[in-house]
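# Chains, contacts and geometry: an overview
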Amino acid sequence: MPSTVVALRTDQCHAAGDVVARSFADNAIFCAIFPNAARRHRILRSAAPGMLIHGLLSGQVAEATPRLTAVSLWTPPGYRDSVTSWVRALPHLLGCIARLTPADARRYLRCISVSTKRRQEMLPEPHWYLEMLCSEPRWQGYGLGAVLALHGLERAAREGKPVFLETDTPENVRFYSKMGFKIVEAGDEDLYHIPIWRMVCRPEDAIVPKRGPAP
């Protein structure tokens, strides 16, 4: 049976980044950080590949379905970012950096700061963090995101580690609840007045059904 999940390679990050950019083009958080739609789309198109490359260089786990129709980015327990990984990824991020205004940067850094602080408060023990999960818009609804999420849950369960994530839509809350995630903070609006649900799936709660190959 063909593999349903592949490790993303550096030379695939630009194609995978395009999927990420299209998927998050109208996401509520990114709309708040980059209010102008045209600029937001340009920033995401230039930023997404570089962020994936940085993730690979810094020890995060980037995965995809075989045809790059869905992409996930996981932060492992004990993850430590480094200046070296940012320096190596810098050539892939210059296009994005050139498009950012000081206000853009402040809003983005505030988002990262709030997210990291709340995650550490909600789940201080070692855990996996599902930082990103998205599907090509025309393939949404076909279960591709579930394939990647369940693959990551299996890995975390084998290690005996919980998984943490954040989402800003009730639809995603229902999606993740079916896999065993439980809400630890519901509808918190401490970031740009956008409701955020924070969820945790512990190994004993993970629901991992059988599945076939993904496109």
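Details of the structure are given in the entry above.
Residues numbered from 1 in each chain as written. Predicted model: local features only at pLDDT ≥ 70, side-chain atom pairs only at ≥ 80, totals over all residues. Heavy atoms only, no water.

## Details of the packing of helix α1 (residues 13-23) against helix α3 (residues 37-58)
At a closest axis distance of 8 Å, the pairing of α1 and α3 adopts a crossing angle of 125°. If you check the angle between α1 and α3, you find them oblique. α3 is crossed by α1, and the crossing has right-handed handedness. Along the contact surface, α1 presents Cys-13, His-14, Ala-16, Gly-17, Val-20 and Ala-21, while α3 presents Leu-44, Arg-45, Ala-48, Pro-49, Leu-52, Ile-53 and Leu-56. Residues of the contact of α1 with α3, tallied by class, amount to 10 nonpolar, two polar and one charged. (Axes fitted to C-alpha atoms, helices over the stretch in contact; angles between N-to-C directions. Helix = DSSP H or I, 4+ residues; strand = E, 2+ residues; numbered from the N terminus. Parallel < 35°, antiparallel > 145°, perpendicular 65-115°, else oblique. Left-handed = near helix turned anticlockwise from the far one by under 90°. Contact = heavy atoms within 4.5 Å. Nonpolar A, V, L, I, M, F, W, Y, C, P; charged D, E, K, R; others polar.)

## Digging into the pattern of salt bridges
Applying the stated criterion across every chain yields a total of 13 salt bridges. With its nearest N and O atoms 2.9 Å apart, the salt bridge here joins Arg-9 to Asp-11. Residue Arg-9 is classed as partly exposed on the basis of its relative accessible area of 47%. One salt bridge connects Glu-63 with Arg-155, and the closest N-O pair in it is separated by 2.6 Å. On the criterion of sequence distance, the pair formed by Glu-63 in strand β2 (residues 61-64) and Arg-155 in helix α6 (residues 144-159) is long-range, its members being 92 residues apart. (Salt bridge = Lys/Arg side-chain N within 4 Å of Asp/Glu carboxyl O. Buried < 20%, exposed > 50% of the residue type's maximum accessible area, 1.4 Å probe, protein only.)

## Digging into the side chain of Arg-155
With relative accessibility at 11%, the residue Arg-155 sits in the buried group. Setting aside residues no more than four positions away along its own chain, Arg-155 makes contact with Val-61, Glu-63, Trp-74 and Trp-128.

## Looking at the packing of aromatic side chains
Counting across every chain of the model gives seven aromatic pairs. Ring geometry for Trp-139 versus Tyr-142: centroids 5.3 Å apart, planes at 65°, classification edge-to-face. Judged by relative accessible area, which is 22%, Trp-139 ranks as partly exposed. Among the residues examined, Tyr-142 registers a relative accessible area of 58% and is labelled exposed. Just above the ring of Trp-74 sits the side chain of Arg-155; from NZ or CZ to the centre is 5.5 Å. (Phe/Tyr/Trp six-rings, centres within 6.5 Å; stacked < 30°, edge-to-face > 60°. Lys NZ or Arg CZ within 6 Å of the ring centre and 35° of its normal.)

## Here we look at the sheet that holds strand β4 (residues 128-135)
Pairing in this open sheet of seven strands is mixed, and the strands run β1-β2-β3-β4-β5-β7-β6 from one edge to the other. Edge positions in the sheet fall to β1 (6-7) and β6 (182-188), since each of these pairs with one other strand and no more. Two strands pair when backbone bridges link them, and β2 and strand β3 (residues 70-75) are joined in this way by four bridges, in the antiparallel orientation. Bridge assignment links Ala-64 to a residue of β3, and that residue is Val-71. Lying over the sheet, α1 contacts β3 and β4, oriented at roughly 85° with respect to β4. Its contacts with the sheet place helix α7 (residues 170-177) against β4, β5 (163-167), β6 and β7 (196-201), and it is angled at close to 5° to β7. (Pairing = 2+ DSSP bridges.)

## Digging into the packing of α3 against helix α4 (residues 83-99)
Look at α3 against α4: their axes get within 8 Å of each other, and the N-to-C directions meet at 180°. The orientation of α3 relative to α4 falls into the category roughly antiparallel. For the pair α3 and α4, the contacting residues are Arg-39, Arg-42, Ile-43, Ser-46, Ala-47, Gly-50, Met-51, Ile-53, His-54, Leu-57 and Ser-58 in the first and Ser-85, Trp-86, Arg-88, Ala-89, His-92, Leu-93, Gly-95, Cys-96 and Arg-99 in the second.

## A short note on the side chain of Arg-40
Its location among the elements puts Arg-40 in helix α3. Only 2.7 Å separates the side chain of Arg-40 from the backbone oxygen of Ala-25, close enough to count as a polar contact. When residues no more than four places from it in sequence are discounted, the contact partners of Arg-40 are Ala-25, Asp-26, Phe-30, Cys-31, Phe-34 and Pro-35. (Polar contact = N/O pair within 3.5 Å; in protein donor to acceptor, adjacent residues only side chain to side chain.)

By themselves, these observations are geometric and do not establish any function.
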